[in-house]
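Read off the chains here:
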Amino acid sequence: MSHPHPELSAPPALPKGGLRVVPLGGLGEVGRNMTVFEYDGRLLIVDCGVLFPEENHPGVDLILPDFDYIRDRLDQVEALVLTHGHEDHIGAVPYLLREREDIPLVGSNLTLALLGSKLREHRLRNTVKAIVAEGERISFGPFDLEFVAVNHSIPDALAVAIRTDAGMVLHTGDFKMDQLPLDGRITDLRAFARLGEEGVDLFLTDSTNAEVPGFTTTEKDIAPVLDGVFRTSKQRIIVACFASHVHRVQQVMDAAAAHGRKVAYVGRSMVRNMGIARDMGYLTVPPDLLVDAKALADMPPEKVVLISTGSQGEPMSALSRIAQRSHHFVHLEEGDTVVLASSLIPGNENAVYRVINGLARWGAHVVHKGNALVHVSGHASAGELLYCYNIVKPRNVLPVHGEIRHMLANAALARATGVPADRVVIAEDGVVVDLVDGKASVTGKVDCGYVFVDGSSVGDITESDLKDRRILGDEGFISVIVVVDSQTGRVVSGPEIHARGFAEDDATFASITGPIVEAINRAVTEGTTDTYQLQQVVRRVVGRWVSGTHRRRPMIVPVVLEA
Ligand SMILES: [Zn+2]
Ligand SMILES: [Zn+2]
């Protein structure tokens, strides 16, 4: 197994007839999936998603893949293939299209419909779309694409086989092998076997659940649990789940219909996505079941179900507002039941438990994956991955979609089925993998950082800005203003000290004003005249004092002015 090494440098030129694979996101994290394939000077992109910020990214709305590697080569992009409609696969597409609007977008009917509403929000109207379905083949430049049905936690997901003269790549996208899915559309293992028979030179496989032994539980197993919740609930039921999980919503609707309750959606993305899914026939809504959320207020609580967004504790979401009793028309009552029919994405734990506590405090009965089977994963567990390796018999394997621990676990599964260790390649974002003469290997690394979206700015906020925000958030802020004589350099006014998120009492700083003046005057006597250097003197004096006497490290902003 080849490990990415920190000393990797830019890759050499790609040998003629070779295929280059450059992951720009999603390898080493769960989110912002994006992989660039290069053959004969032409590029094919698979997925272009977002990563949601964690608590160490204060103020950040979204994190995008870094487009730098392809920014000067956008005219060489033949197509952007979207494996399915989840945000971590399509969320960054509008940002890429801002740089070249007519990149052909290739995906299934539902995937492109979900993307379409996003593109309209970003006012991108001149886009080029190619709707594809399982079993279809279509070529873009040197890339011959074939699509294979896969089962996942959103309908209409596709794996893609990419044929070039360098060999065949099979990219699973996100998938699992639920044998009894609601829509009967199973992962097409017969196609996997056929492609394996032809020869899969490089197999990119979903690593998310590679550490989980056995097989992922079937979606249908949730139904009896939901039925039990509906049977025992005497009041209103609120179910929160992902706004793209059509089959989960279907199961809630079926339970509601069976128990004589009406259903309303709460949350913009839920209303929008389920409208699309229903219009396109992916969601079956029994007649007269659906009502407007505002109309529910006038109905008996035991006759209603709300299907809401916010299952990850997102602070602005419908569920968070309900938990804080600040939602403008849904008012939680004691005895209501709230079901979080969703996963708990790592990093969101605190936010989700905050919501659960908020709901419980008002007397709600909260059902979640910690106390009932109300969620199953959308990703293949270790047993399913082993099946795939045995069926496909790939020549080389590149685990994708996961943190490093997930990818390493996936790599171990590949090796266990007999893929030679030197052909199981571990690469994180930016690490270049070349498939040359049928062998995949790491050949270099390209720059590949986080790109932060903050309000309307994209890429302006840097890691150092975030460090400042964390210091401000954790430690507060002290400003020190001193006026010095422009001729003599002696202090003529100040220091004036202001603090936020620190001790607000001015007396706190009385003991440090003298040392600041002494330090400036001493520095001036020793020949320092530059105000920047004097500011550094102030910063050092205040920094030493605050850490020595208060055990704190606030942001210190010294300002030395000449008068
Ligand atoms: Zn997905
Ligand atoms: Zn994903």
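Residues numbered from 1 in each chain as written. Chains lettered and ligands numbered in written order. Predicted model: local features only at pLDDT ≥ 70, side-chain atom pairs only at ≥ 80, totals over all residues. Heavy atoms only, no water.

### Let's talk about the state of the cysteines
Our working definition: By convention in this document, the label disulfide applies to cysteine sulfur atom pairs within 2.5 Å.
Taken as a whole and assessed by the stated rule, the structure comprises 0 disulfides. We note that C448 lacks a disulfide partner, and the nearest cysteine sulfur, in C48, lies 12 Å from it.

### Comments concerning the side chain of T208
Selection criterion: Secondary structure elements are taken from DSSP: a helix is a run of H or I of four residues or more, a strand is a run of E of two residues or more, and numbering for both begins at the N terminus. Throughout, exposure labels follow a simple rule: accessible area from a 1.4 Å probe, protein chains only, divided by the maximum for the residue type, with under 20% read as buried, over 50% as exposed, and the rest as partly exposed. What makes two residues a contact is simply this: any of their non-hydrogen atoms within 4.5 Å.
Tracing the backbone shows T208 in the loop between β12 (202–206) and α6 (222–232). Residue T208 is classed as buried on the basis of its relative accessible area, which comes to 15%. Not counting residues up to four positions away in its chain, the partners in contact with T208 are H379, H401 and H406.

### Quick word on the sheet that holds strand β14 (residues 262–266)
Rules: A pair of strands is considered paired only if DSSP assigns at least 2 bridges between the two. Axes here refer to lines fitted to C-alpha atoms; in helices the fit is confined to the stretch in contact. Angles between the N-to-C directions go from 0 to 180 degrees.
Taking strand neighbours across the sheet as the criterion, the 5 strands line up as β14-β15-β13-β16-β17 in an open arrangement whose pairing is parallel. Edge positions in the sheet fall to β14 and β17 (365–368), since each of these pairs with one other strand and no more. Along the sheet, successive strands turn relative to each other by an average axial angle of 20 degrees, direction set aside. Looking at chain direction, strand β13 (residues 237–240) and strand β15 (residues 304–308) are connected through 4 bridges and run parallel.

### Focus on helix α4 (residues 109–121)
For clarity, the threshold we go by: Every helix has an expected span of 1.5 Å times one less than the residues it contains.
The terminal C-alpha atoms of α4, which comprises 13 residues, lie 19 Å apart, in line with the 18 Å expected from a rise of 1.5 Å per residue. Extensive coverage of α4 is indicated by the burial of 10 of its 13 residues. Of the positions making up α4, those classed as buried are L110, T111, L112, A113, L114, L115, G116, S117, K118 and L119. Against α2 (87–90), α3 (93–97), β6 (104–107), β7 (128–131) and α8 (268–279) lie the buried residues of α4. Just past α4, the residue R123 takes up positive phi, approximately 55 degrees.

### Quick look at the coordination of the zinc ion (ligand 2)
Short version of the rule: Because no water is among the atoms considered, metal sites can look incomplete, with donors defined as N, O and S atoms within 2.8 Å of the metal, or 3.2 Å for Na, K and Ca. Irregular is the label for any site that misses the other tests, which are tetrahedral for four donors with all angles between 85 and 135 degrees, and square planar for four donors or octahedral for six when opposite donors exceed 155 degrees and the remaining angles lie between 65 and 115.
Note on the zinc ion (ligand 2): its protein donors are D88 (OD), H89 (NE2), D174 (OD) and H401 (NE2). The metal-donor distances range over 2.1 to 2.2 Å. Between the 4 donor atoms coordinating the zinc ion (ligand 2), the angles at the centre fall across 87 to 167 degrees, so the site counts as irregular. Between consecutive donors of the zinc ion (ligand 2), the numbers of intervening residues give the motif D-H-x84-D-x226-H. The distance between the zinc ion (ligand 2) and the zinc ion (ligand 1) comes to 3.3 Å, with D174 serving as a donor to both metals.

### Overview of the side chain of Q312
The condition that has to hold: What qualifies as a polar contact is a pair of N or O atoms within 3.5 Å, subject to a donor-acceptor requirement within protein and to the restriction that residues adjacent in sequence count only when both atoms come from side chains.
Its location among the elements puts Q312 in the loop between β15 and α9 (318–323). At 2.7 Å, the side chain of Q312 and the backbone oxygen of S343 are in polar contact. In this structure, Q312 is in contact with F242, S342, S343, L344, I345, N348, A351 and V352, ignoring residues within four places of it in sequence.

### Structural notes on the sheet that holds strand β25 (residues 555–562)
The strand order across the open sheet built from 3 strands is β24-β23-β25, with neighbouring strands paired in mixed fashion. If you trace the sheet from one side to the other, it starts and ends with β24 (491–500) and β25, each paired once. Each neighbouring strand pair of the sheet contributes to a mean axis angle of 10 degrees, computed without reference to strand direction. Sheet topology places strand β23 (residues 477–484) next to β24; 7 bridges connect them, and they run antiparallel.

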